[in-house]
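Observations on the model geometry
Okay, here's what each chain looks like letter by letter:
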There are 2 protein chains.
Amino acid sequence: MNATSPPVIGIIGGGQLGRMMALEAPRISLNIRCLDANGAKSPCGLFSPGGSVEGGLKEEDKLRELAKGCDVITMEIEHVSVPALAALESLGVPVRPSSNTIRLIQDKYVQKSHFEKHGIPLGRYMDCPTVEKVKEAVEVFGLPLMLKSRKEGYDGRGNAVLRSLADVDEKFNLLYNGGKSGGVYCEGWVDFVDELAVMVVKSTKGEVKSYPTVTAIQRSSVCRVVVAPARCSRSARLLAEEVARNAISSLGEGAVGIFGVELFLTKSGDILLNEVAPRPHNTGHYTQDACAVSQFENHLRAVAGMELGDTDMCVGAAAMVNVLGEGDMSSTLKVNDLAMGMERTTVHWYGKAPAKKGRKMGHINVTADSESELQGNLKKLLDAVGLTEEGGKDGGRIPKPEPLVGVIMGSDSDLPAMTSACKILDTFNIAYEVDIVSAHRTPEKMMSYARSAHQRGLQCIIAGAGGAAHLPGMVASLTPLPVIGVPIKTSTLSGVDSLYSICQMPRGIPVATVAIGNAENAGLLAVRIVGSTREGVMEKMIEYQEGLKEVVEGKSERMGEMGSKEYLKQMENKSSTVGV
Amino acid sequence: MNATSPPVIGIIGGGQLGRMMALEAPRISLNIRCLDANGAKSPCGLFSPGGSVEGGLKEEDKLRELAKGCDVITMEIEHVSVPALAALESLGVPVRPSSNTIRLIQDKYVQKSHFEKHGIPLGRYMDCPTVEKVKEAVEVFGLPLMLKSRKEGYDGRGNAVLRSLADVDEKFNLLYNGGKSGGVYCEGWVDFVDELAVMVVKSTKGEVKSYPTVTAIQRSSVCRVVVAPARCSRSARLLAEEVARNAISSLGEGAVGIFGVELFLTKSGDILLNEVAPRPHNTGHYTQDACAVSQFENHLRAVAGMELGDTDMCVGAAAMVNVLGEGDMSSTLKVNDLAMGMERTTVHWYGKAPAKKGRKMGHINVTADSESELQGNLKKLLDAVGLTEEGGKDGGRIPKPEPLVGVIMGSDSDLPAMTSACKILDTFNIAYEVDIVSAHRTPEKMMSYARSAHQRGLQCIIAGAGGAAHLPGMVASLTPLPVIGVPIKTSTLSGVDSLYSICQMPRGIPVATVAIGNAENAGLLAVRIVGSTREGVMEKMIEYQEGLKEVVEGKSERMGEMGSKEYLKQMENKSSTVGV
């Protein structure tokens with residue numbers, strides 16, 4: 001940090017992205033100056049101690065004015081003039097990311113070609129300078145086909161889905177826009193399961209760091225919700241981060257700053273790069289409240305030539321919901337007013353007016369200890385902005401959170417005994433999954449289940465087995481998670497065989513064994529484990545234990561009233577009750 | 001929220017507290033205007049879209065100028081002119097907190113008298129208008145005696161410890177300051193264990209909310225480090241929060257905004273109120289990175305007449321370390337540069353110059369999933385600012401973090417068997433405590449141990465017992481935490497008695513039972529439970545399991561090389577090795 005003469009960062013564009021940089025810059029001793037049509041009154045200009053310039057983002061003289069007194073120039077939007085950036089560079093002004101990086105990214109067809117050349121996995125694509133070429137592409141890729149402007153696309157503008165050849169002229173001309181769009185290209189339809197995104201930051205020294213992969217939920221091609229970490233397998237998340245880091249590394253030396261990398265997760269588990277944005281990105285807003293160093297701070301650090309900051313999450317799960325203009329301000333603000341009263345929720349208002357329909361006016365971040373605990377608050381916000389969890393014609397679904405507890409058994413004959421564990425988890429409102437996994441009959445399934453359990457977000461596993469009961473111990477040897485073993489009662493040895501098989505594990509691999517046939521206690525133990533870091537769950541457990549006491553006290557009272565003989569008579573009349 | 005015409009908040013004072021308000025205000029659509037000797041160039045003035053006024057904080061005409069266009073006036077410092085505030089109020093300008101609240105708080109003797117009248121627990125105190133009165137106080141309270149100016153005290157200024165009657169004239173005159181200090185009063189010496197603090201916020205509607213209690217570590221009467229939540233018992237934390245809320249409630253209707261409440265925790269477990277500051281406070285800075293709504297946002301919400309926000313922590317533990325001026329800027333910045341590269345660490349620089357010795361220049365916030373995981377980063381920062389964990393003459397210690405695992409046993413004869421659990425916890429670097437707690441011989445100790453375990457921050461308990469082994473099950477019935485039972489091997493029944501006693505628990509109260517005599521597995525199970533929400537611990541467990549595999553593979557290789565007969569011979573030569 002340099003505090004005696006804080007470096008001045010010039011931002012091209014003074015909208016919300018610039019503003020959010022400006023509100024973080026002072027903490028690390030950086031000064032902001034910005035260029036915007038609204039100058040000092042722009043969302044960012046209001047917080048720019050380095051002053052602001054009023055003017056168009058593509059005007060070369062305004063850029064030169066911005067650069068006066070700046071140590072480095074960056075941008076909050078990629079739709080800038082590359083020649084004007086290059087002119088600044090030729091004057092010796094550092095521009096980060098560089099004009100070359102912006103040139104490459106601005107033209108999405110050139111971007112795709114670059115990434116293809118560098119071995120980054122992509123969907124199929126083809127340049128379509130004419131309607132005839134689009135028709136050719138339909139023959140190769142089939143319908144539907146994604147048509148895109150090569151340049152100037154943003155929040156769904158510049159994209160069109162071609163579903164029938166009858167529309168080809170209309171859609172082409174729309175995107176071609178008399179040549180202003182830089183031409184048209186197409187992408188073969190990707191039948192993706194989810195859209196993912198990764199923020200990647202690259203320093204002047206070439207260091208590359210990625211934030212966790214997130215699920216980006218688009219509706220009508222506009223980002224509406226982001227869930228972090230992404231609700232897919234851990235291996236898919238790690239692969240997405242690797243692809244994203246490789247993509248940004250391939251951009252070379254001039255690619256300095258933060259980049260939003262949008263990706264597809266296909267049904268077969270492949271990760272395909274979709275698009276890259278050379279700036280802080282809507283899918284990275286969650287980092288403001290989920291990470292110690294946000295995407296805005298890391299962008300500033302990178303362009304200022306400073307060391308990059310930590311990109312890990314400080315919370316178990318987070319979500320971001322965009323607040324879009326509803327036409328009038330008071331309708332738009334309803335979700336904010338709701339969010340202001342919610343737990344673990346932070347409101348980010350951009351200070352823009354008017355609240356035009358669909359305009360990005362702000363966003364709301366929510367955090368939680370785990371995905372399943374996030375659901376309550378997320379659902380409230382989705383309701384308030386009129387979004388459903390299910391996807392549809394207009395865009396993707398919000399994937400369900402991964403369960404916290406896995407309940408498995410060697411055979412369906414164990415299900416009646418194991419079901420009381422599930423009932424307990426239901427009572428405590430803890431998400432779980434149930435499956436039949438046999439150590440002896442489906443050893444491969446057992447191995448993949450156990451090995452992937454912690455990667456899928458499970459926090460503990462309950463395994464029931466009887467006789468030569470190998471399932472709990474085998475699973476315990478393949479997972480780092482706590483495994484709870486339920487010895488199923490057997491007809492030959494009353495379950496003592498099961499108990500010894502499960503409990504007497506060798507040194508190194510523990511199984512938390514409960515009483516013979518007592519799956520209810522296995523459920524309760526899972527609740528205690530999950531609750532050991534969650535005050536809400538722990539409080540419910542205390543209540544539950546108070547309840548047990550009350551049941552016994554109630555029985556004692558009744559016995560006292562009616563005498564033990566009469567009480568016994570009544571007990572014998574009832575069907576046998578297993579004691580507390 | 002009102003976004004069409006954002007309310008303007010006028011802040012008296014434009015230092016770091018105002019600045020941190022100003023950097024949060026835009027998110028919730030509030031505009032800041034400030035009054036400071038450095039006006040627009042003050043730390044806060046740089047980020048005040050409502051403009052700023054250059055002038056003294058006590059000048060009535062400057063206050064009137066500040067109030068122009070403001071919807072409400074608040075302050076970042078209590079050393080303001082009460083008559084000037086009252087004059088504003090008489091013009092119809094809302095002042096929050098009100099002039100009456102500030103009058104009461106400014107004079108610490110009046111503050112004490114008020115709280116005493118309202119039943120808030122305090123140490124002993126006495127007005128000392130003359131040296132003779134101080135001598136009288138020494139007779140009543142003894143030495144040492146804390147002398148304080150009634151007004152204008154701040155960061156240790158206005159305080160003096162009287163250790164000998166020989167110094168009485170000198171110390172009195174110092175604090176009396178020719179009458180400018182509002183006079184002198186004294187406080188009887190409080191032999192406290194720790195200094196605690198609670199941020200309390202009160203809305204215009206009278207709603208009162210508190211943030212969690214923190215430990216405030218002072219050195220030479222200056223706050224240096226804050227640890228959240230406070231490292232004392234949960235009951236002491238809750239009591240401190242209650243005392244703090246009651247104190248602020250007692251201030252009445254005009255007390256709107258956030259208040260820093262400083263408290264003492266005495267050896268006997270009592271909570272005594274020390275002082276109240278009517279503004280954001282150094283002990284609340286951790287809320288910026290540990291809570292969804294910080295003390296600054298909640299202060300703004302309160303004074304703007306908005307609903308209060310969530311005051312709970314989003315992380316398991318947090319700490320704040322102040323960055324004090326070292327005389328020159330580059331020495332001062334060393335800790336910042338270190339912090340910029342640390343995990344889960346956020347730097348807050350105030351933009352002040354020069355870096356005068358002892359001046360508050362910035363602070364650093366660190367968060368973690370638990371107290372013990374906080375230690376590594378906290379230690380690095382303490383080293384960097386030259387602080388030790390132990391207290392001394394100049395101030396308080398930094399309490400040790402509470403352990404995560406409790407290891408208990410019914411008798412010291414179980415210790416040899418249980419010690420391998422401790423070794424495992426050492427290997428995985430998980431903080432634990434060890435104690436002898438017998439269900440049969442110390443039933444009261446067992447009850448209090450088990451009942452308080454979750455309140456003290458334990459996350460699981462390992463209990464070893466043999467024969468009629470009641471300890472694990474009894475503890476499990478008294479705690480909501482997961483309890484791991486180790487059946488100790490017995491001479492009569494080889495531990496089968498212990499196994500049945502521990503494992504065969506009735507429905508409702510589970511004990512996670514491991515193999516007979518296998519405390520190592522109990523330790524490993526505790527690690528798995530602690531690791532189920534902590535990626536770092538989980539990764540170490542995966543490594544450990546890989547290690548087990550390698551050990552066996554190594555043995556297999558050696559046996560292949562030398563043949564099984566020779567291998568057996570070597571085994572017999574060695575002292576018996578219990579197999580993996």
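Residues numbered from 1 in each chain as written. Chains lettered and ligands numbered in written order. Predicted model: local features only at pLDDT ≥ 70, side-chain atom pairs only at ≥ 80, totals over all residues. Heavy atoms only, no water.

Here's the deal with the interface of chain A and chain B
Interface extent is often summarised as the accessible area lost during association of the parts. Our working definition: Two residues qualify as a contact provided that any one of their heavy atoms is within 4.5 Å of a heavy atom in the partner residue. Take the accessible area each of two parts loses on contact, using a 1.4 Å probe, and add the two losses: that sum is the buried area. Any Lys or Arg side-chain nitrogen found within 4 Å of a carboxyl oxygen on Asp or Glu counts as a salt bridge. Nitrogen and oxygen atoms within 3.5 Å of one another constitute a polar contact, given that in protein one can donate a hydrogen and the other can accept it, and given that sequence-neighbouring residues count only through two side-chain atoms.
Taken together, the contact between chain A and chain B spans 88 residues of the former and 89 residues of the latter. Taken together, the two surfaces of chain A and chain B that pack against each other cover about 7,500 Å², and 58% of this comes from carbon and sulfur. Between the two partners, chain A and chain B, sit one salt bridge. For Glu520(B), the salt bridge is made with Arg507(A), and the minimal N-O distance between the two is 4.0 Å. Linking chain A to chain B there are 42 residue pairs in polar contact (both at pLDDT 80 or more).

Examining the pattern of salt bridges
Let me state the cut-off plainly: Three labels apply to residues, based on accessible area from a 1.4 Å probe with only protein chains included: buried if under 20% of the type maximum, exposed if over 50%, partly exposed otherwise in between. A helix here means a DSSP run of H or I that spans at least four residues, while a strand means a run of E at least two residues long, and both kinds are numbered starting from the N terminus.
Counted by the stated rule, this structure contains 47 salt bridges over all chains. Ionic pairing is found between Glu24(B) and Arg27(B), a salt bridge with its closest N-O pair at 2.6 Å. You'll find Glu24(B) and Arg27(B) in the same group, each marked buried. Where Glu275(B) meets Lys148(B), a salt bridge forms, and the shortest distance between an N and an O atom there is 2.7 Å. You can see Glu275(B) sitting in strand 14 (residues 271-277) and its partner Lys148(B) sitting in strand 6 (residues 145-149), a full 127 residues away along the chain. One network of salt bridges, in which partners are shared, links Lys108(A), Lys112(A), Lys148(A), Glu187(A) and Glu275(A).

With respect to the sheet that holds strand 6 (residues 145-149) of chain A
Residues and elements named next belong to chain A. Keep this limit in mind: Paired strands are those between which DSSP finds at least two bridges. A fitted line through C-alpha atoms serves as each axis, taken over the contacting stretch for helices, and the angle formed by two N-to-C directions is quoted from 0 to 180°.
What the four strands build is an open sheet, ordered 5-8-6-7; its pairing is antiparallel. A strand with exactly one partner marks an edge of an open sheet, and here the two such strands are strand 5 (125-127) and strand 7 (159-162). When strand polarity is set aside, the average angle formed by the axes of neighbouring strands in this sheet is 25°. With respect to the sheet, helix 5 (residues 108-117) is in contact with strand 5, strand 6, strand 7 and strand 8 (184-188), its orientation differing from that of strand 5 by roughly 130°.

Focus: the pairing of strand 6 of chain A
Residues and elements named next belong to chain A. Most of strand 6 is tucked away: five of the five residues are buried. Here four bridges tie strand 6 to strand 7, and the two strands are oriented antiparallel to one another. Across the sheet, residue Met-146 finds its bridge partner in strand 7, namely Val-161. The pairing of strand 6 with strand 8 spans five bridges and is classified as antiparallel. Paired with Ser-149 across the bridge in strand 8 is Val-184.

Looking at the relation of the copies chain A and chain B
The criterion, for reference: Fitting of the copies onto one another was done by least squares over C-alpha atoms, counting residues only where both copies have pLDDT of at least 70.
Once turned by 180° and shifted 0.2 Å along the axis, chain A lies on chain B with an RMSD of 0.2 Å. Look at the turn and shift together and you get a two-fold axis relating the two. A share of 100% of the interface residues of chain A reappears at the interface of chain B, consistent with the copies meeting face to face through the same patch.

Quick look at the nonpolar core
A general trend in soluble globular proteins is that nonpolar side chains are found buried together. This is how the line gets drawn: Residues belong to a common nonpolar core when they are buried Ala, Val, Leu, Ile, Met, Phe, Trp, Tyr or Cys residues joined through side-chain atoms within 4.5 Å.
Among the nonpolar cores identified, the biggest contains 106 residues, and Val405(A), Ile462(A), Ile484(A), Val405(B), Ile462(B) and Ile484(B) are the most heavily contacted of them. The contact partners of Val405(A), leaving out residues within four places of it in the chain, are Leu425(A), Ile430(A), Ala431(A), Tyr432(A), Glu433(A), Leu458(A), Cys460(A), Ile462(A), Ala526(A) and Val530(A). Counting 98 residues, the second largest nonpolar core, distinct from the first, contains Cys34(A), Val227(A), Leu30(B) and Tyr350(B).

Topic: the domain arrangement of chain A
Counted only if it meets this: Start and end positions for the domains come from either an automated domain assignment or a database one.
Looking at the assigned domains, one finds that chain A contains domain 1 (8-95), domain 2 (124-189), domain 3 (194-398), domain 4 (405-531) and domain 5 (535-570). Spacing between the C-alpha centres of domain 3 of chain A and domain 5 of chain A amounts to 50 Å.

Some words on the packing of helix 17 (residues 519-531) of chain B against helix 18 (residues 535-573) of chain B
Residue and element names in this part refer to chain B. Basically, it comes down to this: Roughly parallel refers to an angle under 35 degrees, roughly antiparallel to one over 145, roughly perpendicular to one between 65 and 115, and oblique to any angle outside these ranges. By convention the crossing between two helices is left-handed if the near helix lies anticlockwise of the far one by an angle smaller than a right angle, and right-handed if it lies clockwise.
In the contact formed by helix 17 and helix 18, the axes pass within 8 Å of each other and the chain directions differ by 140°. One finds that helix 17 runs oblique with respect to helix 18. You can see that helix 17 and helix 18 cross each other, and the crossing is left-handed. Residue-level inspection shows Glu-520, Leu-524, Val-527, Arg-528 and Gly-531 of helix 17 in contact with helix 18, the latter providing Val-537, Met-538, Met-541, Tyr-544 and Gln-545.

Some remarks on the environment of Gly156(A)
All names here are of chain A. Position of Gly-156 relative to the elements: it lies in the loop between strand 6 and strand 7. Judged by its relative accessible area of 25%, Gly-156 falls in the partly exposed class. Remark: the alpha-carbon pair of Gly-156 and Ser-99, spanning 57 residues in sequence, is separated by 24 Å.

Observations concerning helix 4 (residues 99-106) of chain B
Turn by turn, an α-helix covers 3.6 residues, leaving residues three or four places apart pointing in a common direction. Counting buried positions along helix 4 of chain B gives six out of eight residues, so the element sits mostly inside the fold. The elements touched by buried residues of helix 4 of chain B are strand 4 (72-75), helix 3 (82-90), helix 5 (108-117), strand 13 (257-266) and strand 14 of chain B.

Looking at the side chain of Gln545(A)
Summarising the element assignment, Gln545(A) is placed in helix 18 (residues 535-573). Residue classification places Gln545(A) among the buried positions, given a relative accessible area of 13%. Sequence-distant contacts of Gln545(A), that is, excluding residues within four places in its chain, are made with Arg528(A), Ala476(B), Ser477(B), Leu478(B), Thr479(B) and Pro480(B).

Some points on helix 15 (residues 471-478) of chain A
Counting buried positions over the eight residues of helix 15 of chain A gives six, a clear majority of the element. Here helix 15 of chain A has its buried residues at Leu471(A), Pro472(A), Gly473(A), Val475(A), Ala476(A) and Leu478(A).

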